There are 2 protein chains.
Amino acid sequence: MAKYVYKFSEGNRNMRELLGGKGANLAEMTLAGMPVPQGFTVTTEACTRYYDDKRTIAPEIQEEILANLAWLEEHTGKKFGDPSNPLLVSVRSGARASMPGMMDTILNLGLNDTVVEGFAAFTGNPRFAYDSYRRFIQMFSDVVMELSKKRFEEIIDDVKEKKGVKQDVELDTEDMKDLVARFKAFYKQEKGVDFPQDPKEQLMEAVRAVFRSWDNPRANVYRRMNEIPYSWGTAVNVQSMVFGNSGNTSGTGVAFTRNPATGEKALFGEYLINAQGEDVVAGVRTPSPISALKEEMPAVYDEFVEIANRLEKHYKDMQDMEFTIENGKLYMLQTRNGKRTAAAALKIAVDLVDEGEITEEEAVLRVEPNQLDALLHPTFDPDALAKAAVIGKGLAASPGAAAGRVVFTAEDAKVWAEKGEKVILVRLETSPEDIEGMQVAQGILTVRGGMTSHAAVVARGMGTCCVSGCGEISVDYADKSFTLGGKVYKEGDWISLNGSTGEIFQGAIATVPANPNSGDFGRLMGWADKFRRMRVYTNADNPRDAAQARAFGAQGIGLCRTEHMFFEGDRIKAIREMIVSEDVDSRKKALAKLLPYQQSDFEGIYEAMEGCPVVIRFLDPPLHEFLPTQEDDIVELAGEMNVSVERLKDIIEGLHEFNPMMGHRGCRLSVSYPEIAEMQTTAVIQAALNVQKKHPEWHMIPEIMIPLVGEVKELKYVKDVVVSTADAIIAAAGIEMKYMVGTMIEIPRAALTADEVAREAEFFSFGTNDLTQMTFGFSRDDAGKFLNYYYDTKIYESDPFAHLDQTGVGKLVSMAVELGRKTRPDISLGICGEHGGDPTSVEFCNKVGLDYVSCSPFRVPIARLAAAQASLKQKG
Amino acid sequence: MAKYVYKFSEGNRNMRELLGGKGANLAEMTLAGMPVPQGFTVTTEACTRYYDDKRTIAPEIQEEILANLAWLEEHTGKKFGDPSNPLLVSVRSGARASMPGMMDTILNLGLNDTVVEGFAAFTGNPRFAYDSYRRFIQMFSDVVMELSKKRFEEIIDDVKEKKGVKQDVELDTEDMKDLVARFKAFYKQEKGVDFPQDPKEQLMEAVRAVFRSWDNPRANVYRRMNEIPYSWGTAVNVQSMVFGNSGNTSGTGVAFTRNPATGEKALFGEYLINAQGEDVVAGVRTPSPISALKEEMPAVYDEFVEIANRLEKHYKDMQDMEFTIENGKLYMLQTRNGKRTAAAALKIAVDLVDEGEITEEEAVLRVEPNQLDALLHPTFDPDALAKAAVIGKGLAASPGAAAGRVVFTAEDAKVWAEKGEKVILVRLETSPEDIEGMQVAQGILTVRGGMTSHAAVVARGMGTCCVSGCGEISVDYADKSFTLGGKVYKEGDWISLNGSTGEIFQGAIATVPANPNSGDFGRLMGWADKFRRMRVYTNADNPRDAAQARAFGAQGIGLCRTEHMFFEGDRIKAIREMIVSEDVDSRKKALAKLLPYQQSDFEGIYEAMEGCPVVIRFLDPPLHEFLPTQEDDIVELAGEMNVSVERLKDIIEGLHEFNPMMGHRGCRLSVSYPEIAEMQTTAVIQAALNVQKKHPEWHMIPEIMIPLVGEVKELKYVKDVVVSTADAIIAAAGIEMKYMVGTMIEIPRAALTADEVAREAEFFSFGTNDLTQMTFGFSRDDAGKFLNYYYDTKIYESDPFAHLDQTGVGKLVSMAVELGRKTRPDISLGICGEHGGDPTSVEFCNKVGLDYVSCSPFRVPIARLAAAQASLKQKG
């Protein structure tokens, strides 16, 4: 028969999956002989069973709980519900991973109208006993029975007001009794029954409430953000109470073995004398620093330091501990690896290596890659921030802090920036035409658009701070002003943005630049680079981003998009002319205008990458993205092309697509108009030749990537155009130069037929953004409208665009890897979708054997660390 | 070393792949000792090699051709280029499958300025010799050198005019010499060199021209229409000439062993005395029926009849033969299985079984399933058709013939139809709102839209004649008239349509109804049903189509769409109200209005299907398809819903999707709005219960199909809604009733995770339309814009929406079949995409082990036959 309940003395730290983190560590401390109030853990499997059984606790599990309760009575020599020597317990949730949002703690469970009297006699402290009882009623009613917390506070306020006092501590025993009576009356009024007097009933309700809280909205949101599967469930810990509030030789506190903000090696924490845990949290009294305990209770302090040191040595990591002192005796209530800032994480990992406690490999595994993000962007100066006024809040679309003067158009952004001014670009929403303005801005603020809006995606790519979707703002473009919170901000006014929180501030807040190459960071990344198998490339399409990525350690460019380049200056006119051309000659004429731009762009990027590999992707997006929509743009274009405005409008209308994502784009453009591929090949090869001449020491091998291939013949057709164009140019230049032609794998059919595609492709780069769209059959632009329903119903637990869907999309990737290598064993394999910068996806890429991941510049350090962790995990 | 040339005496009928059809049959006749002018075949592999070698004939192949030529000289005792005893040859293409569009024939090759004189002396017929020479120059210049045919005709006309004669036969030897001289002069003027005098050069050029013609536009179009792979290549047959034009005991003709129009067992054909093959084609002289040869040359006739009988017995099929008589001696130039009408195909197959020549299995394999289509639709009365005037031509969008009076709106169509009038609905294009009008129309004519436009797809589904995309028409809706060819047609005017050819006729042409259940048809289909393993279902969503499909032999409904029902009458208002509802209550209110409609629709369909299985698919399309776009519709809806017009417009705008195909549709609707699934479940189950009560002898098992599933949890979520709704209704009814819940497999991810999906799905139905779109990553609505480039460049050789892509999409289907059966061995598997009615796709479905195919009613007989052939081929 399955075992659903474990005594603390029956478990150990390795049973985290079954007992939850808290339970496993309580067991481990018990095993190590530390002073832990005894108790037992109801397992995560019992929680899963609870949901399988339509939210009921099976009778056999209830029996097992009661059997363990009987053991606990025996062990403590106390008795549940016995007024003469009552056993009181705490009930706390404890999932595998620490998880705020769930029901946390119920203390003093076991009290009832008779027990409280015995308890008062037993402790010789009636006020304490009745205070404990009213607290219990309050907690139980709130978290178990879901009664309004606020009403209880109102009752307390009422009692205090009548008595004419302000503080809870000023209430005496009779007041507490009064509160108990009023609380119980309120409970009965709301629930229609008396407050439960049977301690066993109280216990079972509490366990049920913990299980239920696993599925509450806050827990669900937290889980989704942190990738915790719904299927895990939570454990429940039932522990005999010790009382930090039983007098002046009692107390409670929390402490870390090292400073969680800086990583400094020194005990860090605080405690309160004569208090229970919730008092520390409530913040009514100011706790003392842990160091003060040395004076106040030297023996207890020494014992605690000794235990803390043992725990850190034991777990080989910084510990976050809860303790209670009851009448001068120390009890450990919890220990766990402590949460810490990114900087602290780095310092602790590096220090532990220097202290000989962990290996370099272990250190690399200790730092959460996503945490590094905080170290890569500017932050606000904390002193300046403290004085700043928040005026609004949007979505935290791209991290970092920025201050600048408000501008409303990309044009104005450029004008102000050229004058040396810092600007914040404020738009209803951004479009590709705003790229240049976005590049010069310190930060971007939009009224519309979510986390995957154009502004958000582009800003993250550039590492620029962005707050999106602040719907409270009303923009008046004509007046060059916006209104927020009733106040008008005009062009030139200073505002500040925190892209990591979504906050918008009035005025300029000083920022502190990131220093990602500081000592600890550098050492840890050095180890990471030593252990990782995969290379880390970047997605960049201009020299600025390329240089930024190099500084962050990128070993090449895995995706250089060529379409963004087309939005700058006069280029957009030429590309529009190309698109609306109705014959080859006029198309070639327009392309000829674009050639010099593309070539010099590529030269700039090659220079910035100093001979590292650069994979250039040919024109990809649906053409309608480039088309003019404004009447005056259309008139201008018609004039330049010498066609009537009506004719041009007809052409534009003819280019309309029902589903542009699945329309005339990617290599389909080069199949229809091979002259596009000719022009782009010319630009790539000519640029590479020029750079090679200037830098004979670099070994230039241009890599050309054909997008949206679904069939080998389609790739071959475009490749033939590339090869004949490239060979002619190279021959004419009289220089030896190799080049490679490969493809994106982003259409399901390409993955399914990868053995055929590999006959022509010298490399594959998995475009997992599009591959995810096609495999799931939903468009990223539209999915926002229904994905929330999917999260609510737990059909999806994470955004498949943020984390690679390993079951479906991953299957296609694995197939393509296997099939591709079968045809061409030395084929180069990488990923260039946004998943390339996501740690769990990077781990998957390592597992299936990709050669590199490519991500936006600001994700490069994250990907380097994630790749190292993946290698180490796979070895381990 | 590869052998690229085979003498006729070295081959046989089984070498069709290498020698082409013509070459293999010439070899077979040679083997059987029949009188065949000898020669040799250059293989299809030589053609493939020609393209591999960048359109050149490799030296070793040229040598092999010349070696065989030397053998032919020896064999015939004649010599190439020898004036005293010249060898002349014909050069003809011959692919594996008979293929019009390629270069056909060059006769008399080997003639030059000196050989012609010797040939004149040798034959004693100088006019014949020079006539042969000028014909050769003409043919060679045209087909080999691609000079303008027209110019040669002009030269002949000029000579005739000068001489004052009208017929070619009135030209004498000197005129022929004159023509030769003028032709040669024209050739030199155009090509800059003399007409080639070296017969070997002539031969090599001719072979090259045949190879080249494999890639000409007409051949490519024909191949695409007939699914002939480009990779096959064509063979070239070089045969010594015999002359049907060498006097009055010579002649040439073609004959079939049975009547290719009716299938009647009697020699059928015609011949011309003193003529070459091209004269028969040219139609200048009227040929005699083959029976006349019995009088004219009894011995030759008897020999021919004997050979014809032997050939038919040998090939066990009706033969199409070419023959030439040279000076009283019969030569066979070709035999092949003859092309025939659908009716003849049926009769011949059935007769051959009755004659004991072939088995029933062989008979079933003899009839091309697609041919049956011609027997399922009305046709024009041939006599009436002969007198009719074609006034325009569009695309042959849906087969059949129809006559009716012109109407311009669906409303008018209904009004006229209710008065008992036959109507042709003429529209710029149709939309879902026109469904009712389309249903009552005899035929549909649209100005815009291709073979996959709404009009075409819906008409084919209904079996209604449709001509689409006739751009010459200009419609004036206001005036209720259209203009075509300068003539105005008003509402009420009669026109006729031929949906099999795209022709539009003035006036009413009498039609002959189809009689698909006539004797031969019935017998053959009976055999087919005996041999097939797969069941054949139909796609139908109204009782009319259901009854039609039953009449055609459908065993159930594999896809009953529920959305079409929503366009009729007031229903569209209710569905619009449902879509724009912003809360559950108003959505439920709108759904409640739809429930009675849906339920009675389902009852009607269940009645029509008489207890056969009916798979009902829940609401699938993007909601925007239902949204009002006209101002007055919006105003009306706003009034009904009691919201402002502005508010409603905002809601409608908010429902806009960038890629509706990949948007909020399918089961995503039921995940967001479970009340839709509740309403539809109620309608299905309630209808089934009512019908079951009325017909206790039927065993009703409703099947509910959830569309667009990509993840098992999504299916489970909707299935849970269905099950709880259905179980409650069934329990309340107090009747025992089983029902099934299954899913479409139309999203790649569903196929990839079919093992998981099968945990919840009791059946899979492959929706290969959407699956093709997602797997290829292109939208059917938009692909038209670039697919032509793909055909031109031979990247695709057939439309993946017409024929299932077995390499890519097929791989997903096979995977899903395997994975689905692994989880649920008894899972029911079918296909309901349009591929379900396509014979090659049906064969694939049989191979991967599907249980049934479902197709539109008019494809049911085709699918039945195709399924039988697939079973037989798989066994064989």
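That block above? That's the structure.
Residues numbered from 1 in each chain as written. Chains lettered and ligands numbered in written order. Predicted model: local features only at pLDDT ≥ 70, side-chain atom pairs only at ≥ 80, totals over all residues. Heavy atoms only, no water.

## Regarding the pattern of salt bridges
Step number 1: Summed over all chains, the structure comprises 136 salt bridges over all chains.
Step number 2: Two residues, E563 of chain B and R617 of chain B, come together in a salt bridge whose shortest N-O distance is 2.7 Å. Of this pair, E563 of chain B sits in the loop between β25 (557-560) and α22 (571-580) while R617 of chain B sits in strand β26 (residues 614-617), and the two are 54 residues apart along the sequence. Across this residue pair, the class does not change: E563 of chain B and R617 of chain B are buried.
Step number 3: Look at the salt bridges and you will find they share partners, linking E563, R617, D620, R665 and D770 of chain A into a network. (Salt bridge = Lys/Arg side-chain N within 4 Å of Asp/Glu carboxyl O. Helix = DSSP H or I, 4+ residues; strand = E, 2+ residues; numbered from the N terminus. Buried < 20%, exposed > 50% of the residue type's maximum accessible area, 1.4 Å probe, protein only.)

## Some thoughts on the interface of chain B and chain A
Step number 1: Listed per partner, the contact involves 51 residues of chain B and 51 residues of chain A.
Step number 2: Buried surface at the junction of chain B and chain A, both sides included, amounts to about 4500 Å², of which 59% is carbon and sulfur.
Step number 3: Joining chain B to chain A, the criterion identifies four salt bridges.
Step number 4: Ionic pairing is found between R749 of chain A and D805 of chain B, a salt bridge with its closest N-O pair at 2.7 Å.
Step number 5: Run the count over chain B and chain A and you get 22 residue pairs in polar contact (both at pLDDT 80 or more).
Step number 6: Looking at the side of chain B that touches chain A, the elements with two or more residues in it are α26 (667-672), α28 (712-733), α29 (748-752), α31 (768-776), α32 (780-792) and α33 (809-823) of chain B.
Step number 7: The element that contributes the greatest number of residues to the side of chain B that touches chain A is α32 of chain B, accounting for six residues.
Step number 8: Residue composition of the side of chain B that touches chain A, by class: 23 nonpolar, 14 polar and 14 charged. (Contact = heavy atoms within 4.5 Å. Buried area = accessible area lost by both parts, 1.4 Å probe. Polar contact = N/O pair within 3.5 Å; in protein donor to acceptor, adjacent residues only side chain to side chain. Nonpolar A, V, L, I, M, F, W, Y, C, P; charged D, E, K, R; others polar.)

## Some words on the environment of R448 of chain A
Residues and elements named next belong to chain A.
Step number 1: Its location among the elements puts R448 in the loop between β16 (443-446) and α19 (454-462).
Step number 2: Accessibility expressed as a relative area gives 42% for R448, which makes it partly exposed.
Step number 3: Sequence spacing of R448 and P702 is 254 residues, and the spatial spacing of their C-alpha atoms is 39 Å.

## Observations regarding the relation of the copies chain B and chain A
Step number 1: For the pair chain B and chain A, the superposition axis carries a translation of 0.1 Å, the fit reaches an RMSD of 0.1 Å, and the rotation angle comes to 180°. Such a combination of turn and shift is consistent with a two-fold rotation axis. Among all residues of chain B, the one whose C-alpha sits closest to the rotation axis is N659 of chain B, at a distance of 2.2 Å.
Step number 2: Here 100% of the contact residues of chain B are again contact residues in chain A; the copies associate through an equivalent surface. (Least-squares fit on C-alpha atoms with pLDDT ≥ 70 in both.)

## Regarding helix α8 (residues 199-213) of chain B
All names here are of chain B.
Step number 1: Compared with the 21 Å implied by 1.5 Å per residue over 15 residues, the 21 Å span of α8 between its first and last C-alpha is a close match.
Step number 2: In terms of burial, α8 is a largely internal element, 11 of the 15 residues being buried.
Step number 3: Within the span of α8, buried status applies to P199, Q202, L203, M204, A206, V207, R208, A209, V210, F211 and S213.
Step number 4: The N-cap residue of α8 is D198: its side-chain oxygen and the backbone nitrogen of K200 are 2.9 Å apart. (Expected span 1.5 Å × (residues − 1).)

## Points about the pairing of strand β7 (residues 268-273) of chain B
Residue and element names in this part refer to chain B.
Step number 1: Where strand β6 (residues 251-256) meets β7, six bridges bridge the pair, whose relative direction is antiparallel. Considered in β7, the bridge of V254 is made with E270.
Step number 2: Judged from the two bridges that link them, β7 and strand β8 (residues 288-289) form a sheet pairing that is antiparallel. Each bridged residue has a counterpart across the sheet, and for E270 the counterpart in β8 is P289. (Pairing = 2+ DSSP bridges.)

## So, the packing of helix α2 (residues 44-52) of chain B against α8 of chain B
For any two helices packed against each other, the geometry is given by the interaxial angle and the distance between the axes.
Residues and elements named next belong to chain B.
Step number 1: Here α2 crosses α8 at 80°, and the two axes come no closer than 10 Å. As judged from the angle between their axes, α2 and α8 are roughly perpendicular. Contact residues: A46, C47, Y50 and Y51 in α2; R208, F211 and R212 in α8.
Step number 2: Residue composition of the contact of α2 with α8, by class: five nonpolar, no polar and two charged. (Axes fitted to C-alpha atoms, helices over the stretch in contact; angles between N-to-C directions. Parallel < 35°, antiparallel > 145°, perpendicular 65-115°, else oblique.)

## Quick word on the environment of E63 of chain B
Step number 1: Within the fold, E63 of chain B resides in helix α3 (residues 59-76).
Step number 2: Once the C-alpha coordinates of E63 of chain B and D434 of chain B are considered, the two residues, 371 residues apart in sequence, prove to be 66 Å apart.

## Re the nonpolar core
Step number 1: Y606, I706 and F764 of chain A together with Y606, I706 and F764 of chain B are the most contacted members of the largest nonpolar core, which has 242 residues in total.
Step number 2: When residues of this core are assigned to their parent elements, the largest contribution, nine residues, is made by helix α13 (residues 342-354) of chain B. (Core = buried A, V, L, I, M, F, W, Y, C linked by side-chain atoms within 4.5 Å.)

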